[in-house]
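# Working through the structure, step by step
Letter by letter, the chains look like this.
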Amino acid sequence: MTLHSDDPRDIGWVRENIPCQNACPAGTDIPAYIRAIAAGNHGQAYEINREANVLPGVLGRICSRPCESACRHGWAGNGDPVAICHLKRSAADLKDSRHRITERLYAPTGKRIAVVGAGPAGVAAAHDLSLLGHDVVILEREEKPGGMLRYGIPEFRLPRAMLEIELRNALRLGVQLRTGVTVGTTQGAIRVSTLLADHDAVLLATGCMAPVLLPLRGVPEGTDLARHCQDVEYGLPFLMDLHRGQNKRVGRRVAVVGAGFTALDCARVARRLGGREVTIHLRTSEEYIPVTSEELFETKREGIRIKGLRTPVALRTDGDGRLTGVAFVQNRLGGWRENGRRLATPIEGSEFIEPCDTLIIAIGQHTVNDFLDMRVELDRAGNVRVAENGMTSVHGLFAAGDYVRGASTAIEAIGHARRIADRIDAWLVGRQRRRTVRIEAVAAPPRLPAHDFIPKCHMPTIPLAERQQPTREVELGFTPELAAEEAKRCYLCDLRYQIDVDRCIYCRACIEVAPRNCIKLARDVEIRADGSLGALRETREWRRVAAIWIDNNECIRCGACFKVCPVACISITRNHFVTVDG
Amino acid sequence: MSKTDIQIAICGSAGDGTIAAGDILRNAVAAAGYRVIGFDVYPPEIRGFGKCISRLRITTDQSYSLKRHSDVLLSLDDSQALPHAGEVRDMGALIFESQPIAPCLEGEHMSARVLPGQIPYGFPMRELSQQATGGGRSRNLVALGIIAGLLGLLPDPFRKIIARKFGKQGPEIVARSLAGFQAGFEDASRTFKLDDVVFAPIGPREPSGRVIMLSGNAAVARGCLDAELDTFFGYPITPATSIMERLATELPKRGRRLLQTEDEIAAIAATIGAGYAGARAATATSGPGLALMSEMLGLATITETPCVVFVSQRGGPSTGMPTKTEQSDLNAALYGSPGDGQRIVIAPTNVEGCYRCAGKAFEMAERYQTPVIVLLDLYLSNRYETVTLEESGHAFVLDANKPLPRLEPGETYRRYALTEDGVSPRAVPGDADHMHVITGLEHNELGRPDDSESMHAAMSRKRHDKLQAALCHPDFAVTRRFGASGRVKVGLLAWGSTFGECLEAVFMAQALDIPCAALKVVMLSPFPAQAVAAFMDDCDQVLVPEVNYEGQFAQLVQGVLARPVTRLSRVPGSPMPVEQILDEIRRLARG
Amino acid sequence: MNADLAASPAPRHHVIIGNGVAGNQAAELLRDRDPESRVTILTHSRLLFYNRYRLPRIFQDVTSWPELLALPPEHYAARRIHVRRECRVSAVDPRNRLVKLAHNETIPYDTLLVATGGRGHLPEELAEYRPLFHHFGSYEAAMATRRALPDRGAVVMLGGDMIGLDLARTLLAIQCRVILVTHETTFWPHALTPEERAEALSTLETMGIEVIDGDARGGIVAVEQGAPGLPARRVRFHNGGDLYGDVVMPCFGLTPMVEFMVGTGIDIERGVLVNPQLRTSDPCIFAAGDVCQIWSEEERAYRFYYGYRNVRAMGAVAAVNMTGGQEAFATTRAESIGRDAQGRIDSSFWVYEA
């Protein structure tokens with residue numbers, strides 16, 4: 001039995017009860033693809049992923065995994081979150097080599113769209129727009145497509161061969177890719193106004209790659225330190241040069257300043273290029289580093305030291321202008337920033353010197369708008385201001401990804417870009433699509449209680465000795481056995497266990513077998529303004545019990561209640577979003 | 001070789017499997033060769049809201065009371081077990097759930113109640129049960145595994161008992177139960193042991209018979225069967241019901257029958273009728289039922305018909321406290337029937353005694369042609385002990401009737417012939433040439449009504465005097481002395497289950513250098529005046545502890561011997577604490 | 001007394017997380033200074049307070065744990081200090097002043113002292129070998145190590161912090177073989193110049209410890225079970241060569257145990273950051289002992305202070321300030337390493353009296 005529902009309560013249920021999908025900026029249907037992996041259908045899992053995120057193998061390696069932080073299996077008392085990202089990768093790795101991707105193609109619309117930038121946002125948008133029937137061309141400055149993926153992320157985290165295949169698959173349905181093409185105002189560059197004139201819509205997805213410059217005492221603002229000292233580099237340009245094929249060198253003692261993905265990547269690259277003592281210096285502390293704990297562990301394992309509470313204030317050079325050290329000032333932790341990070345308050349008079357011969361600065365990136373040849377409204381952060389549908393203040397000129405929101409993550413860029421692509425499509429041809437909930441009855445609990453005790457499977461990595469080779473991928477990927485084991489751990493939160501209050505006989509057998517505090521004696525339930533059900537009001541007095549109710553928030557979908565109910569009044573349904581036209 | 005004396009308490013909510021766990025534990029340690037005494041506390045509810053505690057004391061040599069302090073407490077439900085944390089001695093173990101699923105306020109978890117001298121052990125019992133068996137129902141078996149693993153008990157006796165206990169429910173349930181036990185056992189075996197609760201190994205014992213675990217009521221039933229009980233009539237009443245339940249299963253296997261009657265009056269009437277017909281019959285009841293039987297017991301007395309009544313005492317009067325123990329039916333047992341209705345009243349003091357008194361009761365009933373009341377109490381009925389039974393042969397005499405002599409030609413059979421010992425040879429209906437009548441009216445030797453002064457006096461004398469021989473009934477000790485011999489400062493006189501606590505108190509007093517002894521009185525009617533007087537002669541002070549308010553036994557002693565005693569009459573609803581008796585002994589010893 | 005403390009009518013609840021030297025010293029002083037209050041110590045241990053520095057004695061005269069206890073059980077009842085064992089703290093909610101225990105119990109506090117100390121640090125590259133190592137941080141771990149070490153067996157000590165070297169003294173005394181693989185954490189927490197280090201290492205050698213230069217060997221590449229017939233553990237080095245021993249003990253210094261504080265908003269770097277009054281960034285939460293980094297005005301930096309005397313002083317200072325005082329922690333002596341009269345290594349960290 002299958003139903004479709006537009007009821008806000010059902011939509012609200014899916015949104016609130018599948019925390020991984022809700023946390024994913026692209027809205028990936030995670031339980032669905034993990035279910036497929038558990039059944040051994042890796043190709044199907046790959047395609048389910050691809051519906052939301054067009055580069056599953058890539059993201060399966062480098063995604064920031066906001067889903068895992070939200071995963072119910074990682075909630076207090078439930079253990080460790082499911083290794084969702086590693087499973088995503090395993091779908092890509094383990095799918096049959098002859099697996100063929102099929103995609104739904106809309107009829108041509110005759111509309112022409114230019115996308116500037118072949119990074120994750122540009123590629124995702126271009127893919128979607130071409131499927132929707134539009135004529136898409138991508139203009140990319142570098143020699144090869146990929147943006148941050150190819151030029152910002154080291155090969156030992158993301159093998160290039162796989163990146164190539166997935167980019168190609170994303171663009172195969174008619175996207176015209178032109179590389180080595182500069183869009184801007186310089187000589188030989190294509191002007192944005194020209195693009196606007198020649199196309200029905202232009203999407204700017206140039207990313208956020210200009211390094212934030214490090215201010216130092218006594219150095220004029222805006223000085224590019226990398227130009228002044230040959231031993232100083234900025235992180236992202238350093239990586240981009242390396243990935244363009246240039247020979248990069250580092251000294252013996254490398255100091256890396258910064259706390260994000262780029263800083264850690266630079267540190268690990270520096271190790272592979274011969275740095276013997278590589279240290280990452282943080283303004284605040286490790287608690288506030290946004291990278292995953294696995295990556296932090298591998299970084300430390302590779303011998304990289306992390307030191308906190310310091311801000312660089314000056315460089316120390318020798319007579320030949322070679323770097324001998326960096327002067328830092330000690331910090332205190334200051335107030336809170338919006339993204340949950342802390343401010344660092346320097347402590348006067350606490351300067352000290354860390355000796356080093358190479359300095360890599362990776363303290364952030366900012367967007368550049370100087371390639372635009374027209375006036376475009378900017379927001380307070382200096383990024384282009386866009387409306388709800390992604391259009392800038394210039395008619396027909398859209399923007400998506402890091403270019404709009406500042407340096408973020410690949411999955412954010414992909415999610416954002418696909419939403420904007422949908423808006424562009426609606427703007428161009430008026431097509432309406434909406435999200436609805438499909439509800440399918442499930443006959444029996446699909447998991448075994450023993451699955452809840454499977455410990456989290458760890459990603460096998462290559463031994464330290466083999467990591468000297470800078471392009472050798474560190475993570476090996478799950479074997480089919482590991483993938484199957486880890487997939488069993490997913491509670492499959494898209495399942496909804498519900499007691500039919502009219503048929504319940506209040507025998508409490510379900511409460512006795514409940515593994516969590518998930519079945520409650522309720523006297524009342526809060527009804528929200530939109531009609532959806534809110535918090536349960538519980539009671540300990542038997543005579544005030546109005547219903548025995550499964551708290552779907554605590555529920556880990558183990559099925560024990562279903563199996564024990566003597567009157568079979570508990571139903572199981574699978575609830576997930578589908579996008580339909582109209 | 002060192003001796004074992006370990007008391008384990010398992011406490012949970014009704015429905016947690018507390019009692020089942022206690023049952024498996026006591027059977028397992030008994031199978032391993034230890035001696036056990038155990039007692040369970042139940043709530044009236046079956047599931048949900050009541051407290052269950054299963055306590056057992058495991059010793060090298062049989063002990064007869066529980067200790068005030070346990071060595072181990074395992075909590076299956078902290079909300080029930082919290083008040084009992086103080087029960088565990090220093091260096092003893094408190095075992096509790098380390099991952100309860102429901103949140104609790106400060107102080108509502110067992111870890112908050114652990115005293116500094118005790119050792120806390122938190123185990124994830126629910127999770128271990130889930131992991132091993134896929135559900136939370138085997139938590140009590142996980143708990144047993146933890147006890148076995150932590151205390152170093154061998155797992156095999158447990159496994160055998162578990163397989164036997166759940167065998168009827170099918171191999172899947174057995175496998176699941178064993179998996180739960182194993183999970184707890186392994187986890188606890190890996191845990192570093194900080195407490196000092198250690199089992200001393202059991203050396204080889206002299207073969208003296210079969211050792212089995214029995215409750216008081218089970219022992220009574222077994223005694224009845226070994227005495228070749230023919231039939232049983234009963235009406236259910238707490239705490240005697242399980243005697244009937246057990247016999248209901250066993251009698252048909254032997255081709256015999258049991259009938260549940262409509263009330264206690266019918267039960268005793270049928271018992272007496274069966275006795276009249278020559279069969280061995282019995283009934284079982286408690287105080288309120290005994291009251292209903294009092295008139296019919298008078299009929300059995302005057303018609304000199306054998307019958308056996310088991311009375312398991314509980315809190316009274318009236319409906320009283322059906323699930324609490326007491327010793328307050330003594331007066332009713334001795335004097336309850338109208339008229340001069342003396343009968344034999346015996347009271348075992350332990351489970352093995354229950355077995356023996358049960359079997360012997362039939363001998364006495366037949367031999368002295370009188371009702372025999374066997375007094376137990378709730379504590380004894382529900383208490384478990386390891387009991388040694390004789391390996392083979394009959395423990396009891398199967399026909400204790402006085403042989404019926406051949407009639408001379410022309411002689412009329414006289415059912416109530418006045419004999420020297422007061423016992424008239426008894427014919428039963430169907431015996432050729434021995435037709436006779438019996439009646440509840442006072443009668444002559446032929447059984448015909450006769451209310452003359454001389455006949456009533458002769459028959460009254462006959463009915464009373466014949467019972468004196470019971471004081472010397474073969475193979476039955478009506479009293480027994482324990483403790484110091486010769487002159488003592490304080491002597492205890494006690495009966496029934498209270499004797500166990502008295503014995504402990506006597507040993508503890510002796511350890512404090514107070515010369516002390518105890519006399520257990522098993523036969524209460526006829527009263528062993530000589531033995532009791534001789535004992536009292538040896539004592540500076542005589543203390544009579546008993547669990548009833550009026551001091552019924554003290555009253556009996558003082559009434560028969562006209563000698564003063566000190567009473568310790570308390571009605572706690574539970575066994576009298578040993579410390580209380582000891583305190584009295586010490587007070588009397590100080591003089 | 002600050003206004004907050006003066007105003008509250010119900011007895012204040014002082015909660016201490018950690019049952020070591022700092023925590024217990026604080027508990028005593030809290031009881032003295034605030035007689036009507038409730039004082040609760042939360043610890044994951046099953047044992048009452050014992051001094052960890054006495055653990056090496058299980059190799060000698062201490063045969064059962066009651067002998068290790070610093071105070072008899074009666075002491076805690078008499079002083080009304082509630083020591084709650086088998087209580088793991090899973091989270092702290094500073095806004096509502098609640099401590100959450102792993103077994104789902106919530107405990108409200110008026111003041112909170114974090115005194116959880118440190119656990120033995122294991123460098124990331126050795127993390128996968130954790131199951132093969134033997135530890136000495138608790139009574140249970142120490143007993144397991146003792147059982148695993150045969151008579152006159154060989155101990156491979158990695159790192160060699162002062163806690164490990166203290167144990168090494170006892171091991172030498174009972175005629176065990178001690179093989180030290182040096183590391184940058186050798187002699188932790190002393191910070192030695194290369195000359196001082198070389199001298200100290202040679203002192204260790206004259207004491208009978210076999211010193212292996214871990215750096216020169218390129219670091220450890222693997223730790224394995226020894227093959228049957230050989231000692232139980234084998235350590236292999238990056239530059240080739242290997243070592244055998246009956247037990248391998250990591251002694252790489254301590255890492256503060258602060259996991260349960262992450263995400264509470266309390267300032268943490270490696271340890272809990274406190275001002276000289278040992279107050280954290282929350283006015284009701286204090287920290288003392290190996291777990292905290294104290295702001296030092298002279299050094300203009302946060303730093304750790306180790307050793308029994310310092311830790312005990314911190315416990316006292318924290319208790320004073322939890323009950324309205326304003327005392328600042330001051331270390332009593334400079335820390336130094338040297339030689340005793342017999343020419344053996346001696347460290348100011350090995351002084352265990354007041």
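Everything numeric here is computed off the predicted structure, so don't read it as measured data. (Residues numbered from 1 in each chain as written. Chains lettered and ligands numbered in written order. Predicted model: local features only at pLDDT ≥ 70, side-chain atom pairs only at ≥ 80, totals over all residues.)

So, on to the overall build of chain A. Along chain A, the regular secondary structure elements total 20 helices and 22 strands. Relative to the globule expectation of 25 Å for 582 residues, the C-alpha radius of gyration of chain A, 26 Å, shows essentially globular dimensions. In terms of overall dimensions, chain A has C-alpha extents of about 85 × 60 × 50 Å along its principal axes. When each of the 582 residues of chain A is scored for burial, the buried share is 43%. Within chain A, contacts between residues separated by at least 24 positions form 71% of all contacts whose residues are at least 6 apart in sequence. (Helix = DSSP H or I, 4+ residues; strand = E, 2+ residues; numbered from the N terminus. Rg over C-alpha atoms; globule rule 2.2 N^0.38 Å. Buried ≥ 20, exposed ≤ 12 C-beta atoms within 10 Å, placed from the backbone. Contact = placed C-beta atoms within 7 Å.)

The next point concerns the overall build of chain C. Looking only at helices and strands, one finds seven helices and 22 strands in chain C. Here the C-alpha atoms of chain C give a radius of gyration of 21 Å, agreeing with the 20 Å that 2.2 N^0.38 yields for 354 residues. Scored against the burial criterion, the 354 residues of chain C give a buried share of 44%. Within chain C, contacts between residues separated by at least 24 positions form 63% of all contacts whose residues are at least 6 apart in sequence.

For the rest of this paragraph, the subject is the interface of chain C and chain B. Each side of the interface is counted separately: chain C has 20 residues, and chain B has 21 residues. Only α3 (73–79), β3 (81–84), β6 (106–108) and α4 (139–148) of chain C provide two or more residues apiece to the side of chain C that touches chain B. Tallied by class, the residues present in the side of chain C that touches chain B amount to 11 nonpolar, three polar and six charged. (Nonpolar A, V, L, I, M, F, W, Y, C, P; charged D, E, K, R; others polar.)

Let us now look at the sheet that holds strand β10 (residues 177–182) of chain C. All names here are of chain C. Reading across from one edge, β11-β10-β9-β15 is the order of the four strands in this open sheet, with parallel pairing throughout. The strands lining the two open edges of the sheet, one partner per strand, are β11 (210–212) and β15 (247–250). Ignoring strand direction, the axes of neighbouring strands in this sheet form an average angle of 20 degrees. As defined by bridge partners, β10 adjoins β11 across three bridges and the pair is classed as parallel. Looking at β11, one finds that L180 is bridged to V211. Taken strand by strand, helix α5 (residues 162–173) contacts β9 (154–159), β10 and β15, and its axis lies near 165 degrees from that of β9. (Pairing = 2+ DSSP bridges. Axes fitted to C-alpha atoms, helices over the stretch in contact; angles between N-to-C directions.)

It is worth spelling out the nonpolar core at this point. Nonpolar side chains tend toward joint burial in soluble globular proteins. Counting 168 residues, the largest nonpolar core has L94, I147, I346 and V374 of chain B as its most contacted members. For this core, the leading source of residues is helix α12 (residues 351–368) of chain B, giving 10 residues. The contact partners of I346 of chain B, leaving out residues within four places of it in the chain, are C357, A361, V372, V374, V522, M523 and L524 of chain B. The next biggest cluster of nonpolar side chains, apart from the first, holds 150 residues, and it includes A45, A201, I360 and I570 of chain A. (Core = buried A, V, L, I, M, F, W, Y, C linked by C-beta atoms within 7 Å.)

A word on the interface of chain B and chain A. In this complex, chain B contributes nine residues to the contact, which on the side of chain A involves nine residues. The residue makeup of the side of chain B that touches chain A, split by class, is three nonpolar, five polar and one charged.

Residue and element names in this part refer to chain B. Assignment of secondary structure puts C539 in strand β19 (residues 539–546). For C539 and V309, which are 230 residues apart along the polypeptide, the C-alpha to C-alpha distance reads 35 Å. In contact with C539, other than residues within four places in its own chain, are V488, V490 and G491.

Residues and elements named next belong to chain B. With 16 residues, helix α14 (residues 453–468) should cover 22 Å at 1.5 Å per step; its first-to-last C-alpha distance of 23 Å lies within 8% of that length. For α14, every residue scored as buried is listed here: M459, R463, K466 and L467. Projected onto a plane normal to the axis of α14, the buried residues spread over an arc of 110 degrees and lie on a single side. With respect to the buried face of α14, the exposed residues turned more than 90 degrees away are E453, S454, A457, R461 and Q468. Each element contacted by the buried residues of α14 is listed here: α10 (287–303), β12 (344–346) and α12. (Expected span 1.5 Å × (residues − 1). Arc of directions from axis to C-beta.)

On to the domain arrangement of chain A, then. All names here are of chain A. Along its sequence, chain A is organised into domain 1 (2–102 + 443–488), domain 2 (112–208 + 367–431), domain 3 (213–363) and domain 4 (495–581). One C-alpha centre belongs to domain 2, the other to domain 3; they are set 30 Å apart. Counting residues at the interface gives five residues for domain 2 and nine residues for domain 3. (Domains from an automatic or database assignment.)

Moving on, we come to the domain arrangement of chain C. Residue and element names in this part refer to chain C. Each assigned domain of chain C is listed with its residue range as follows: domain 1 (3–119 + 255–322) and domain 2 (122–252). One C-alpha centre belongs to domain 1, the other to domain 2, and the line joining them spans 30 Å. Contacts between the two partners involve 14 residues from domain 1 and, on the opposite side, 12 residues from domain 2. Grouping the constituent residues of the side of domain 1 that touches domain 2 by class yields 11 nonpolar, two polar and one charged.

This paragraph deals with helix α7 (residues 84–94) of chain A. Residue and element names in this part refer to chain A. Most of α7 is tucked away: 10 of the 11 residues are buried. Considered for burial, the residues of α7 that qualify are I84, C85, H86, L87, K88, R89, S90, A91, A92 and D93. Buried positions along α7 lie against α2 (19–23), α3 (30–38), α4 (42–52), α5 (56–62), α6 (66–70) and α18 (480–488).

On to the pairing of strand β8 (residues 253–257) of chain A, then. Two faces make up the sheet, and in a regular strand the side chains alternate between them. Residues and elements named next belong to chain A. Of all five residues in β8, five are buried, a share of seventy percent or more. Relative to strand β9 (residues 277–281), β8 runs parallel, the two sharing five bridges. Paired with V254 across the two strands is V278, which belongs to β9.

Residues and elements named next belong to chain B. Pairing within the open sheet is mixed, and its eight strands lie in the order β6-β5-β4-β1-β3-β2-β14-β7. Edge positions in the sheet fall to β6 (119–123) and β7 (210–215), since each has one partner strand and no second. Between one strand and the next, the sheet's axes are offset by a mean angle of 20 degrees, whatever the strand orientation. Pairing analysis gives four bridges linking strand β4 (residues 70–75) to strand β5 (residues 88–97), with the strands arranged parallel. Across the sheet, L73 pairs through a bridge with L94, a residue of β5.

All names here are of chain B. Burial analysis of strand β3 (residues 51–59) places eight of its nine residues in the buried class, which makes it a mostly covered element. Inspection of the sheet shows strand β1 (residues 5–13) paired to β3 by nine bridges, in the antiparallel sense. In the strand pairing of β3, I10 is matched with S54. Pairing analysis gives seven bridges linking strand β2 (residues 35–41) to β3, with the strands arranged antiparallel.

This part covers unusual backbone geometry. All names here are of chain B. Backbone torsion omega between G316 and P317 reads -5 degrees, so that peptide bond is classified as cis. Along the chain, P317 turns up in the loop between β11 (307–313) and α11 (330–335). Following S525, the chain continues to P526 via a peptide bond in cis, the omega torsion being -5 degrees. Within the secondary structure, P526 sits in the loop between β18 (523–525) and α16 (529–537). With a phi close to 60 degrees, D475 is a non-glycine residue in the positive phi region.

Here we come to the environment of G218 of chain A. All names here are of chain A. Looking at where G218 falls in the secondary structure, it is placed in the loop between β6 (210–211) and α12 (225–228). Among the residues examined, G218 registers 6 C-beta atoms within 10 Å and is labelled exposed. Considered as a pair, G218 and I550 are 332 residues apart in the sequence and their alpha carbons are 64 Å apart.

What follows concerns the packing of helix α13 (residues 235–243) of chain A against helix α14 (residues 261–272) of chain A. Working note: a packed helix pair is described by the angle between its axes plus the distance between those axes. Residue and element names in this part refer to chain A. α14 packs onto α13 with a crossing angle of 50 degrees between their chain directions and a minimal axis gap of 9 Å. If you check the angle between α13 and α14, you find them oblique. The handedness of the crossing between α13 and α14 comes out as left-handed. Contacts between α13 and α14 involve G235, L236, F238, L239 and L242 from the former and T262, A263, D265, C266 and V269 from the latter. A class-by-class count of the residues in the contact of α13 with α14 yields seven nonpolar, two polar and one charged. (Parallel < 35°, antiparallel > 145°, perpendicular 65-115°, else oblique. Left-handed = near helix turned anticlockwise from the far one by under 90°.)

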